[in-house]
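Listed here are the chains, written in short residue letters.
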Amino acid sequence: MKKPEKLYEGNMRKKYLLFAIPLILSALLSQSYNFVNSMMIGKFIGSEAFAATAVTTELINLLDAIFFGYLTGIGIYISVLYGRSEDQKIVNVIEVNLFLSLCVALLVSLGCNLFCEQIFDILNVNEEVYRNAELYFRTYVIGYIAFQFNWAFTYLANGFGMTKLPLTASIISGASNVVLNYLFLGVLDKGIEYSAFASMISTAVTTIMYFCIYIRLFKKMGVSLKCLKFSKEILRDSFAYGAPSMFQQMTMYGCTTLVSPLTNTCSTVALSGYSIANKAKTLIAAIYQNSSKANTTFVGQAMGAGKIDKIKQGIKIGVTQSMVFFCVTMALFMIFARQFAGLFLDPVEDAQSFVVAVNIIRFLLPFIIFNVFNNLFHGIFRAVGSGTLMFISTLIYAISYVIYAYILFAVLPYEFRIYGVNLALTGAYITEVTFATIIFVSGKWKSKEYRSLEQSSQNN
């Protein structure tokens, strides 16, 4: 097996690109599989079932953020330890945090099933889709037992610079998910809960694959696999990296959940178009966010190795790469907005929804460019150990988004309120990027460890 990559060694531009491309392809494949599964739900079960998955999306994203937020931070911690060549400690950190996240997964799964009705009442879930939404949601949250392992192994691969591994996992998981969805929904004529069950099975398959590969890798690295040891240092450092990232992700998705009761009051026609535009936004975000992960992992590894000069060089490369990926992707969506919307809606029969989708894609999604910079700032703050600052930056975005959304919904005519959601997002992006830019230019983002490395570099 090929040894994990140290991104600060060799041709950095080439390594940035080679790191980002598999992650981008993996994200695009995952979204493509999700689209296919959504189409199958609508075709085999009906539009009410499709709507049922839509009304639970924001809630599921919020819960997912607990796990992939925390484990993203742990992945960055792993990149720092790998830069320091502390291989044995890496295994201990992994084992401790897998155990902790498993315990949380069990609690979340149990709590959501016990209080599902109360949660749905708070979210004003429509009676027409309530039963399907409940079946899907209850089944999905059971899957956290498998999902959290998969996320952990994915972010571990990112920390090691092994992005081809998540790409392989995405291909296997996505393909098996589509096949299982077709089997359950199309052949066996099962209900919507079986779509969530298909996700659980396909995720379990890739988790087993990851597990076998990592066992071989760690044996090759010559480290002991019997080192589950809870220490104050391991817990402190794990929480220092994982907790801010978790709260940041929860805050980001939490504000969307707070806005969802407003969005749910819009007409079905508007919501349909908005849902399609969101699919475009998700694809665009998948590209620039996964490109910027190269920057985050690089800075983490370079911090661990004490390569302060490489960090400054790498940040410039990361910004350039992310902007190129975003601009090319956004231009394609603006040009082919009608064709993209046509994949899901009929331009004649669904004319009003079609117009909403195309308008949002062409005139409002380009402002995501401000979030490209926010995402890069998040990665830098997180990787240098300024996680609290990253959380504050996201909190400013979240509060701004909720305030702007409620103001716009109060002043806009009913038929234009759906556009207010994206206008509020744009305002929140601009508010946060203003704050983050001031912090970056002033140097307040530099952690004690970063300043220490910077001072050592100047002395040498």
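Quick caveat: nothing in here was measured; it's all calculated off a predicted structure. (Residues numbered from 1 in each chain as written. Predicted model: local features only at pLDDT ≥ 70, side-chain atom pairs only at ≥ 80, totals over all residues. Heavy atoms only, no water.)

A. Broad picture of the overall build of the protein chain. The secondary structure content of the protein chain amounts to 17 helices and 0 strands. In terms of C-alpha radius of gyration, the protein chain reaches 22 Å, essentially the compact-globule figure of 23 Å for 460 residues. Its C-alpha atoms put the protein chain at 70 × 45 × 40 Å along the principal axes. Evaluated residue by residue, the protein chain yields a buried proportion of 55% over its 460 residues. A fraction of 84% describes how many contacts in the protein chain between residues 6 or more apart in sequence connect residues 24 or more apart. Counting only carbon and sulfur atoms, one obtains 64% of the accessible surface of the protein chain, whose full area is about 20,100 Å². Averaging the locations of the 35 positively and 25 negatively charged side chains of the protein chain gives two centres separated by 15 Å. (Helix = DSSP H or I, 4+ residues; strand = E, 2+ residues; numbered from the N terminus. Rg over C-alpha atoms; globule rule 2.2 N^0.38 Å. Buried < 20%, exposed > 50% of the residue type's maximum accessible area, 1.4 Å probe, protein only. Contact = heavy atoms within 4.5 Å. Areas by Shrake-Rupley, 256 points an atom, 1.4 Å probe, with all protein chains shown as cover. Lys, Arg positive; Asp, Glu negative; His and termini not counted. Charge placed at Lys NZ, Arg CZ, Asp CG, Glu CD.)

B. Quick peek at the environment of Thr263. Examined against the element boundaries, Thr263 turns out to sit in helix H9 (residues 232-263). Under the relative-accessibility criterion, Thr263 is labelled buried at 8%. Spatially, the C-alpha atom of Thr263 lies 9.4 Å from that of Ala405, the residues being 142 residues apart in sequence.

C. A look at the packing of helix H3 (residues 87-114) against H9. At a minimum axis separation of 10 Å, H3 and H9 run at an interaxial angle of 70 degrees. Classed by the angle they form, the pair H3 and H9 counts as roughly perpendicular. Taking contact as the criterion, the partners of Lys89, Asn92, Val93, Val96, Asn97 and Leu100 in H3 are, on H9, Glu233, Ile234, Leu235, Asp237, Ser238 and Phe239. Classifying every residue of the contact of H3 with H9 gives 6 nonpolar, 3 polar and 3 charged. (Axes fitted to C-alpha atoms, helices over the stretch in contact; angles between N-to-C directions. Parallel < 35°, antiparallel > 145°, perpendicular 65-115°, else oblique. Nonpolar A, V, L, I, M, F, W, Y, C, P; charged D, E, K, R; others polar.)

D. Seen up close, the environment of Ile172. Within the element layout of this structure, Ile172 appears in helix H7 (residues 164-187). With 34 residues separating them in the primary sequence, Ile172 and Thr206 have C-alpha atoms 6.9 Å apart. Contacts of Ile172, omitting those with residues within four sequence positions, involve Val205, Thr206 and Met209.

E. Region of interest: helix H8 (residues 193-221). Across its 29 residues, H8 extends 42 Å between first and last C-alpha, which sits within 8% of the 42 Å expected from 1.5 Å per residue. Just beyond H8, the residue with positive phi is Gly222, at close to 75 degrees. (Expected span 1.5 Å × (residues − 1).)

F. Geometry of a nonpolar patch on the surface. Taken together, the side chains of Val324, Val328, Leu332, Ile335 and Phe336 make up a nonpolar region of the molecular surface, amounting to roughly 470 Å² of accessible area. Inspection of the secondary structure puts Phe336 in the loop between helix H11 (308-335) and helix H12 (337-342). (Patch = residues over 30% accessible without salt bridge, like charges linked within 9 Å, V, L, I, M, F, W, Y side chains within 5 Å. Salt bridge = Lys/Arg side-chain N within 4 Å of Asp/Glu carboxyl O.)

G. Molecular detail of the state of the cysteines. By the definition in use, this model includes 0 disulfides. We note that Cys103 lacks a disulfide partner, and the nearest cysteine sulfur, in Cys112, lies 16 Å from it. (Disulfide = S-S within 2.5 Å.)

H. Up close: helix H1 (residues 12-44). For H1, spanning 33 residues, the distance from its first C-alpha to its last is 48 Å, which sits close to the expected 48 Å at 1.5 Å a residue. Put simply, Asn11 is the residue that caps the front of H1, since its side-chain oxygen is 3.2 Å from the backbone nitrogen of Arg13. Gly46 sits one or two residues past H1 and shows a positive phi near 130 degrees. (Polar contact = N/O pair within 3.5 Å; in protein donor to acceptor, adjacent residues only side chain to side chain.)

I. The arrangement of unusual backbone geometry in detail. Residues other than glycine seldom take positive phi values, yet Ser85 does so here, at roughly 65 degrees. Along the chain, Ser85 turns up in the loop between helix H2 (47-83) and H3. Even without a glycine there, the phi angle at Asp189 is positive, about 60 degrees. Here Asp189 is to be found in the loop between H7 and H8. Taking the relative accessible area as the measure of exposure, Asp189 reaches 60% and is therefore exposed.

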